[in-house]
Amino acid sequence: QLRLVESGGGSVQALGPLRLSCAVSGFTLTFACMGWFRQAPGKEREGVVNIRSGTPQGYADSVKGRFSASRDNAKNTLYLQINSLKPEDTATYYCARKRCTSGLSAADVTDWGQGTQVTVSS
């Protein structure tokens, strides 16, 4: 069964860190194109980072310098390290398998995780 299961979200204060996890089953991250996305209330779902063959390719302007994607091959798990959280980072964060492109379009996603909620207070 192909599955993507996010975890690590929660309620935190601004400027704090979080690490989100995406445990993957059914395929190997090393050869996959992936993305982290997020959706704030009343907003469109937006791409956070594009990942090709397990390697981050580019970050959204709103998160550059603060967010960092990585993986653990042994655990077949993708991570999103979030530093210096801002209230505007409040959103549901999704891990996703996607077509291999240079962009972050949600239209290219083939499989979504269930999402994990991140709430940042100021």
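That block above? That's the structure.
Remember, it's a predicted structure, so these values are computed and weren't measured experimentally.

1. Re the sheet that holds strand β1 (residues 3-7)
Now for step 1: What the 4 strands build is an open sheet, ordered β1-β3-β8-β7; its pairing is antiparallel. This sheet does not close on itself; its edge strands, each paired only once, are β1 and β7 (67-72). Across the sheet, the mean angle separating the axes of adjacent strands is 20° when strand polarity is ignored.
Now for step 2: Summarising the sheet, β7 and strand β8 (residues 77-82) pair through 6 bridges and their orientation is antiparallel. When the bridges of β8 are listed, F67 appears paired with I82.

2. What about the pairing of β8?
Now for step 1: Most of β8 is tucked away, with 5 of its 6 residues classed as buried.
Now for step 2: What sits between β7 and β8 in their antiparallel hairpin is a turn of 4 residues, with N76 showing a positive phi close to 50°.

About the thresholds
Residues numbered from 1 in each chain as written. Predicted model: local features only at pLDDT ≥ 70, side-chain atom pairs only at ≥ 80, totals over all residues. Heavy atoms only, no water. Pairing = 2+ DSSP bridges. Helix = DSSP H or I, 4+ residues; strand = E, 2+ residues; numbered from the N terminus. Axes fitted to C-alpha atoms, helices over the stretch in contact; angles between N-to-C directions. Buried < 20%, exposed > 50% of the residue type's maximum accessible area, 1.4 Å probe, protein only.

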